[in-house]
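# Close look at the chain arrangement
Read off the chains here:
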Amino acid sequence: MSLLEDHHGDILQKAREGKGLSLAEVAQSAGLTQTQLSQIEEGTRIPSPDQIQSLARLLGLKAKKLLAITHGSWAPQQPPRWLKEKVMIIQGEIGGYPVNGYILYDARAQEAACIDTAFDPEKMLKSTEAHHLHLKYILLTHAHQDHMGGVEILKEKTGAGLYLHQAELPLFSRQSRLTPDGFVADGQEISIGRLRLKALSTPGHTPGGVTYVSEGLCFVGDALFAGSTGRSMSSQGYRGLLTSLRQKVLSLPDETVILPGHGPTTTVGEENLHNPFF
Ligand SMILES: [Fe+2]
């Protein structure tokens, strides 16, 4: 079983919806029945290499990369060992569905920021306490429930400053009565001990999606997954998401570790080589 967050069908569906095309339109152009395409998108039917070629062409995906994911012949490498010295990966779950949150820390300064809550504030708290860290910030990549659930507990127990992008406030306010301590803007820098973190605006999955970049690390939330992207909110959002990922994430040095909101860690180099959206 693939370790990736998305199978070939998820990728095709995200690209089709991103392009604003119906199942019927794509099925017809690719010489498939709607049922066949629907089964492919659900992951219950493996498309032939020719079908992958034609679907990829229609949807603006890279066929070779999609073929590799379809046949499970690519998975990102294990993260580098040094990652543990700066980042704790917190895996929570919501309705049985796993979600990643991260604690970025400077052990010597005993300061930390969590990037999303992993829907598990208790696990976040235990992990910071076990390492004697002061949680200075709660930084949200976006305000979907699986990424911000439990933020009230985290804030109440630690007094950490809560930040997100201003365009994410309507979504946030539908789920929490908290008032954020401030907003992060594109290019804004944040310090955690001696670590510097920069917020980059990467909207498209949600209106105010943010990627946080720090010294060889890139916390993307649901903007990007290993071998895939997050679901876009609209066709315009899809185009914007791909553009901002290209310009702000995939232009970083190849060895930059990408830490997504779901699924395994990957790197900029691996995504440039293997992600069918690019
Ligand atoms: Fe999300």
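Rules and cut-offs
Residues numbered from 1 in each chain as written. Predicted model: local features only at pLDDT ≥ 70, side-chain atom pairs only at ≥ 80, totals over all residues. Heavy atoms only, no water. Donors = N, O, S within 2.8 Å, 3.2 Å for Na, K, Ca; no water. Tetrahedral: all angles 85-135°; square planar, octahedral: opposite > 155°, others 65-115°. Helix = DSSP H or I, 4+ residues; strand = E, 2+ residues; numbered from the N terminus. Buried < 20%, exposed > 50% of the residue type's maximum accessible area, 1.4 Å probe, protein only. Arc of directions from axis to C-beta. Contact = heavy atoms within 4.5 Å. Domains from an automatic or database assignment. Buried area = accessible area lost by both parts, 1.4 Å probe. Salt bridge = Lys/Arg side-chain N within 4 Å of Asp/Glu carboxyl O. Polar contact = N/O pair within 3.5 Å; in protein donor to acceptor, adjacent residues only side chain to side chain. Nonpolar A, V, L, I, M, F, W, Y, C, P; charged D, E, K, R; others polar. Pairing = 2+ DSSP bridges.

## With respect to the coordination of the iron ion
Protein coordination at the iron ion comes from His142 (NE2), His144 (ND1), His205 (NE2) and Asp222 (OD), with a distance range of 2.2 to 2.3 Å. Of note is the iron ion, whose 4 donor atoms meet at the metal with angles of 88 to 170° in an arrangement that counts as irregular. If you list the donors of the iron ion from N- to C-terminus, the spacing comes out as H-x1-H-x60-H-x16-D. Placement of histidine 144 in the loop between strand E4 (134-139) and helix H7 (145-148) and of aspartate 222 in the loop between strand E10 (217-221) and strand E11 (224-225) is noted, with a sequence separation of 78 residues between them. Look at histidine 144 and you get partly exposed, because its relative accessible area is 26%.

## Remarks on helix H8 (residues 151-158)
Burial in H8 covers these residues: Val151, Leu154 and Lys155. Down the axis of H8, the smallest arc covering the buried residues is 95°, so these residues share one side. Those residues of H8 that are exposed and aimed more than 90 degrees away from the buried face are Glu156 and Lys157. Those residues of H8 hidden inside the fold are in contact with strand E3 (111-115), helix H6 (121-130), E4, H7, strand E5 (161-164) and helix H9 (169-173).

## As for the domain arrangement of the protein
Assigned domains of the protein: these are domain 1 (8-70) and domain 2 (81-274). Here the C-alpha centroids of domain 1 and domain 2 sit 30 Å apart. Counting from both sides, the interface comprises 11 residues of domain 1 and, opposite them, 11 residues of domain 2. When domain 1 packs against domain 2, close to 870 Å² is buried across both sides, 46% of that on carbon and sulfur atoms. Contact with domain 2 buries area across many residues of domain 1, yet Lys14, Gly18 and Lys65 alone supply 59% of it, more than any other trio. Across the contact surface, domain 1 and domain 2 share 1 salt bridge. Across the pair arginine 231 and glutamate 17 runs a salt bridge, and its minimum N-O distance is 3.1 Å. Counting every contact that joins domain 1 to domain 2 gives 5 residue pairs in polar contact (both at pLDDT 80 or more). Among the secondary structure elements, those contributing two or more residues to the side of domain 1 that touches domain 2 are helix H1 (8-18) and helix H5 (63-70). Per-element accounting of the side of domain 1 that touches domain 2 gives the leading share, 6 residues, to H1. Partitioning the side of domain 1 that touches domain 2 into residue classes produces 4 nonpolar, 3 polar and 4 charged.

## Some words on unusual backbone geometry
A negative phi angle is the norm for most residues apart from glycine, just as the trans form is the norm for most peptide bonds. Phi angles above zero are rare outside glycine, and glutamine 110 is one such case at about 55°. Here glutamine 110 lies in the loop between strand E2 (97-106) and E3. Given the relative accessible area of 40%, glutamine 110 is considered partly exposed. Even without being a glycine, glutamate 215 presents a positive backbone phi close to 35°. If you trace the backbone, glutamate 215 turns up in the loop between strand E9 (210-214) and E10. Among the residues examined, glutamate 215 registers a relative accessible area of 42% and is labelled partly exposed.

## Considering the pairing of strand E7 (residues 189-192)
Side-chain alternation along E7 places Ile190 and Ile192 on a buried face and Glu189 and Ser191 on a face that remains uncovered. In the sheet, E7 pairs with strand E8 (residues 195-201) via 4 bridges, with the strands oriented antiparallel. Opposite isoleucine 192, over in E8, you have leucine 195 as the bridge partner. Turn length for the E7-E8 hairpin, with the two strands adjacent in sequence and antiparallel, is 2 residues, and the turn residue glycine 193 shows positive phi of about 55°.

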